[in-house]
Amino acid sequence: MNSLKQFGIFLWLFVCISLSGCVWSSVLANSWSENFALASYGSKANHPALNDGRLDTIAALAAKNERIFTLRFPEVKPVRKIIIHNVNLFWFHVDYWDIDEFEWKTVHSVRQLRDIGQERAPSEIVIDRLNCRTNTIRINVSRTVDDNVVTKVLLSPGDKVVDRRTTLAGAYYPHFRVIQPAWAQVREVEVYHLASK
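Q: Would you mind going over the sheet that holds strand 10 (residues 160–168) in detail, with residue names and values included?
A: Sheet strands associate in pairs through backbone hydrogen bonding, adopting either a parallel or an antiparallel arrangement. Taking strand neighbours across the sheet as the criterion, the three strands line up as 9-11-10 in an open arrangement whose pairing is antiparallel. The open sheet terminates on both sides in strands that have one partner only, identified here as strand 9 (148–152) and strand 10. Between one strand axis and the next, the sheet turns by 25 degrees as a mean value, whatever way the strands run. Across five bridges, strand 9 lies against strand 11 (residues 171–180) in antiparallel orientation. Within strand 11, the residue paired with Thr-151 across the bridge is Arg-177.

Below, the structure written as structure tokens:
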């Protein structure tokens with residue numbers, strides 16, 4: 001009988017702790033604002049598909065050495081979370097405009113994407129735990145999965161060199177490895193701050 005009482009008390013404590021965990025997780029969970037990067041909230045992008053609220057459209061920037069997606073909000077906002085619905089970005093930086101120091105500051109860098117299975121690039125990149133106030137963010141793209149790297153003996157103006165080599169197959173042969181950039185593509189960018197409960 002004594003062991004049955006102990007089991008009953010243990011079971012009762014287990015249920016209480018489980019329920020309190022559920023309550024605390026809901027209290028401690030973040031409550032996010034509306035996506036204020038949307039064009040309907042007055043935010044402006046350098047490509048209309050970047051913030052139209054539709055995942056079936058693609059914002060694409062021409063194949064140049066500088067590929068930068070930009071979002072400008074109608075006013076200074078706190079930024080805590082950014083979600084990038086990706087198509088082919090591989091190496092990039094997410095920056096915000098520091099309104100106090102008048103300079104770009106990087107909040108997140110991606111140089112290599114791992115564990116993406118059969119995908120060419122991850123379809124969604126979530127950057128959270130941010131703590132900045134700004135009116136502009138940008139995604140500065142260095143590489144996409146569609147970029148090609150070619151060998152050139154002579155450089156052309158504007159070539160982006162990733163490596164310089166002096167030998168090929170054991171023979172002296174100075175040459176450059178140069179990126180031929182492809183279009184950078186993003187489906188949508190979402191930006192949030194913490195909502196007051």
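Q: Please set out the pattern of salt bridges residue by residue, giving values where relevant.
A: Taken as a whole and judged by the stated rule, the model has eight salt bridges. Two residues, Asp-95 and Arg-138, come together in a salt bridge whose shortest N-O distance is 2.8 Å. Taken together, the residues span a long stretch of sequence, with Asp-95 in strand 5 (residues 89–98) and Arg-138 in strand 8 (residues 132–144) at a distance of 43 residues. Asp-95 gets classed as buried once you look at its relative accessible area, which sits at 3%. Between Lys-105 and Asp-98 there is a salt bridge; the shortest N-O distance is 2.9 Å. You can call Asp-98 buried: its relative accessible area is 7%. The structure contains a network of salt bridges with shared partners spanning Asp-98, Glu-101 and Lys-105.

Q: Explain the side chain of Glu-188 to me, and be specific about the residues and the numbers.
A: Its location among the elements puts Glu-188 in strand 12 (residues 184–192). For Glu-188, which is buried and forms no salt bridge, the nearest opposite charge comes from Arg-54, at a distance of 7.9 Å. One polar contact links the side chain of Glu-188 to the main-chain amide nitrogen of Gly-53, over a distance of 2.8 Å. Other than its neighbours up to four places away in sequence, Glu-188 contacts Leu-38, Ala-49, Leu-50, Asn-51, Asp-52, Gly-53, Arg-54, Leu-55, Ile-83, Ile-84 and His-85.

Q: Let's hear about the packing of aromatic side chains: which residues, and what values?
A: Enumeration over the complete set of coordinates arrives at three aromatic pairs. An angle of 75 degrees between the planes, with centres 4.9 Å apart, marks the rings of Phe-36 and Phe-73 as edge-to-face. On the criterion of sequence distance, the pair formed by Phe-36 in the loop between helix 1 (2–28) and strand 1 (44–45) and Phe-73 in strand 3 (residues 67–79) is long-range, its members being 37 residues apart. Taken together, a centroid distance of 5.9 Å and an interplanar angle of 15 degrees make the contact between Phe-90 and Trp-91 stacked. Under the relative-accessibility criterion, Trp-91 is labelled partly exposed at 22%. Taking NZ or CZ as reference, Lys-77 lies 5.3 Å from the ring centre of Phe-36, over its face. Directly above the aromatic system of Trp-91 lies the positively charged group of Arg-143, at a separation of 5.2 Å from the ring centroid.

Q: Explain the environment of Ile-83 to me, using residue names and the numbers behind them.
A: With respect to the helices, strands and loops of the structure, Ile-83 is situated in strand 4 (residues 81–86). Looking at Ile-83, the relative accessible area reads 9%, which means it is buried. Excluding residues within four positions of it along the chain, Ile-83 makes contact with Glu-124, Ile-125, Val-126, Glu-188, Val-189, Glu-190 and Tyr-192.

Calculation notes
- Residues numbered from 1 in each chain as written.
- Predicted model: local features only at pLDDT ≥ 70, side-chain atom pairs only at ≥ 80, totals over all residues.
- Heavy atoms only, no water.
- Pairing = 2+ DSSP bridges.
- Helix = DSSP H or I, 4+ residues; strand = E, 2+ residues; numbered from the N terminus.
- Axes fitted to C-alpha atoms, helices over the stretch in contact; angles between N-to-C directions.
- Salt bridge = Lys/Arg side-chain N within 4 Å of Asp/Glu carboxyl O.
- Buried < 20%, exposed > 50% of the residue type's maximum accessible area, 1.4 Å probe, protein only.
- Lys, Arg positive; Asp, Glu negative; His and termini not counted.
- Polar contact = N/O pair within 3.5 Å; in protein donor to acceptor, adjacent residues only side chain to side chain.
- Contact = heavy atoms within 4.5 Å.
- Phe/Tyr/Trp six-rings, centres within 6.5 Å; stacked < 30°, edge-to-face > 60°.
- Lys NZ or Arg CZ within 6 Å of the ring centre and 35° of its normal.

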